[in-house]
Amino acid sequence: MENKDIVLSGIRPTGNLHLGNYFGAVKNFLKMQETHECYFFIADYHSLTTHPHPANLQGNARQIFIEYLAAGLDPEKATLYLQSDIPEIAELYLFLNMNAYLGELERVPTFKEKARKSPDNVNAGLLTYPTLMAADIIIQKATKVPVGKDQEQHLEMTRTYARRFNTMYEVDFFPIPTAYNFGNELVKIPGLDGSGKMGKSEGEGNAIFLNEEEKSIRKKVMRAVSDSGPTEPNQEKSLPVQNLFTLLKVVSKPDVVQYFEDQYNNCSIRYGDLKKQLAEDIVAFTKPFGERIKELSSNDEYLRKVMNLGAEKARANAQKTMREVREIIGFRKIY
Ligand code: TRP
């Protein structure tokens, strides 16, 4: 590896991978696995805050695992695992919680928002979500954490807890991780509803999934929001139309994009044609992903092998950290 940094990121097993996830995050993971020692895991402990049914818990984790493999995460290059295969994370979470304060946890914006949205389920796991995330990260002694803007506060808390441990025990034990992004190279993929970004929570028809059926892709794209068309040459594009062009740019050839740009600029554009082309190119783009997802879904033996491989490596590393942590904290040595 040309780089000493250890990259780690967790993936919440909620819903299927869509184009927004792919271009906004997964593509970066694919680059990182070429240049860094990487740990990527499915955050299935975290998902317990919403009390999933056991069958769904397992099914969702498996499905997301499959989709990330299909998207190109490579078990020979990166360590890929399920969080729940590393029970040492739960032990470190317990230790960190002893020095995590109610006030600081209650102030976290994501906690406040979740508490507001689900006032009947403000459980301790939700409150201590940031200490669990800190445990995920520092147990592998990760130094770079690729996360979106919404997770920066959590990462800041990880830094606090790592520092707090080091200070409290007067050790230089946990590295202090930093957020890691490819900055401007990140493409924010808009949704099809004419506003904001692509996301599964924005409603039916807004997102296109990597394992989506051809027919459904065409239907969603043809129904995408546009506007009534340009009325003068080189007119500025409205947000919904700009969104269609942004999507076109990530899945279509440059000359195709240019063709529609020109048509827009001379006011001869027909959005129906643009959408047809966009649908065509999205179908072509997602097809190989869909095929790999299908293949992997019927290959339990391979999946088990890959999951065990990642779990073994991540667990060995976590166990090493925890042996040292227990000793630092002052527990009796048992090995
Ligand atoms: N909290 C992250 C999210 O919501 C998921 C996550 C859990 C994570 N543990 C992590 C991300 C550790 C980075 C590092 O997306």
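Shown above is the structure to which this text applies.
Remember, it's a predicted structure, so these values are computed and weren't measured experimentally.

A.B. asks: Help me out: how do you make sense of the overall build of the protein chain in this one?
C.D. replies: What the protein chain contains, in helices and strands, is 13 helices and five strands. Referenced to the eigenvectors of the C-alpha coordinate spread, the extents of the protein chain come out at roughly 75 × 45 × 45 Å. The 335 residues of the protein chain split such that 46% are buried. Considering only contacts in the protein chain between residues 6 or more positions apart, those separated by 24 or more positions represent 76%. With the model as given, the accessible surface of the protein chain reaches about 17400 Å², and the carbon-plus-sulfur share is 50%. Side-chain charges in the protein chain split into 43 positive and 44 negative, and the spacing between the mean points of these groups amounts to 2 Å.

A.B. asks: Looking at this structure, how should I read the site of the ligand?
C.D. replies: Contacts to the ligand come from 14 residues, most closely from G10, R12, Y129, D136 and Q151. Between the ligand and R12, the relevant distance is 2.6 Å, taken from an oxygen atom to a side-chain nitrogen or oxygen of the residue. When the ligand sits alone it has 360 Å² of accessible area, and the protein chains cover 94% of it. When contributions to the shell around the ligand are tallied by element, the ones reaching two or more residues are strand 1 (6–11) and helix 7 (129–138). The element contributing the most residues to the shell around the ligand is helix 7, with four residues. Here the residues of the shell around the ligand sort into eight nonpolar, four polar and two charged.

A.B. asks: I tried to follow the environment of F174 on my own but got confused; where do I start?
C.D. replies: Topologically, F174 is positioned in the loop between helix 8 (152–168) and strand 5 (178–179). Once the C-alpha coordinates of F174 and L57 are considered, the two residues, 117 residues apart in sequence, prove to be 31 Å apart. Among all residues touching F174, those that are not within four sequence positions of it are L92, I138, A162, F165, N166, T321 and V325.

A.B. asks: What's the story with unusual backbone geometry in this structure? I'm lost.
C.D. replies: Across the chain, the bulk of peptide bonds are trans and the bulk of non-glycine residues have phi less than zero. Even without glycine at this site, K141 takes up a positive phi of about 50 degrees. For K141, the position within the fold is in the loop between helix 7 and strand 4 (144–145). Unusually for a residue other than glycine, C267 sits at a positive phi of about 65 degrees. Relative to the elements of secondary structure, C267 occurs in the loop between helix 11 (254–265) and helix 12 (271–297).

A.B. asks: Explain the pairing of strand 3 (residues 79–82) to me, please; I cannot follow it from the model alone.
C.D. replies: Each regular strand carries side chains that alternate between the two faces of the sheet. By the alternation rule, side chains of strand 3 split into T79 and Y81 and L80 and L82, which are all buried. Where strand 2 (residues 37–42) and strand 3 come together, four bridges link them in parallel fashion. Residue F41 lies in a different strand from strand 3, and its bridge partner there is Y81. For the crossover from strand 2 across helix 2 (residues 54–70) to strand 3, the handedness is right-handed.

A.B. asks: Got a minute to help me understand the environment of P146 in this structure?
C.D. replies: Considering the arrangement of structural elements, one finds P146 in the loop between strand 4 and helix 8. For P146, a relative accessible area of 6% puts it in the buried group. Taking the C-alpha atoms as reference, P146 lies 15 Å from M157; in sequence the two are eleven residues apart. For P146, the contacting residues outside a window of four places in its chain are V7, L8, S9, F29, M32, Y180 and N181.

Rules and cut-offs
- Residues numbered from 1 in each chain as written.
- Predicted model: local features only at pLDDT ≥ 70, side-chain atom pairs only at ≥ 80, totals over all residues.
- Heavy atoms only, no water.
- Helix = DSSP H or I, 4+ residues; strand = E, 2+ residues; numbered from the N terminus.
- Buried < 20%, exposed > 50% of the residue type's maximum accessible area, 1.4 Å probe, protein only.
- Contact = heavy atoms within 4.5 Å.
- Areas by Shrake-Rupley, 256 points an atom, 1.4 Å probe, with all protein chains shown as cover.
- Lys, Arg positive; Asp, Glu negative; His and termini not counted.
- Charge placed at Lys NZ, Arg CZ, Asp CG, Glu CD.
- Near = heavy atom within 4 Å.
- Polar contact = N/O pair within 3.5 Å; in protein donor to acceptor, adjacent residues only side chain to side chain.
- Nonpolar A, V, L, I, M, F, W, Y, C, P; charged D, E, K, R; others polar.
- Pairing = 2+ DSSP bridges.
- Right-handed = clockwise from strand over helix to strand, strands pointing away.

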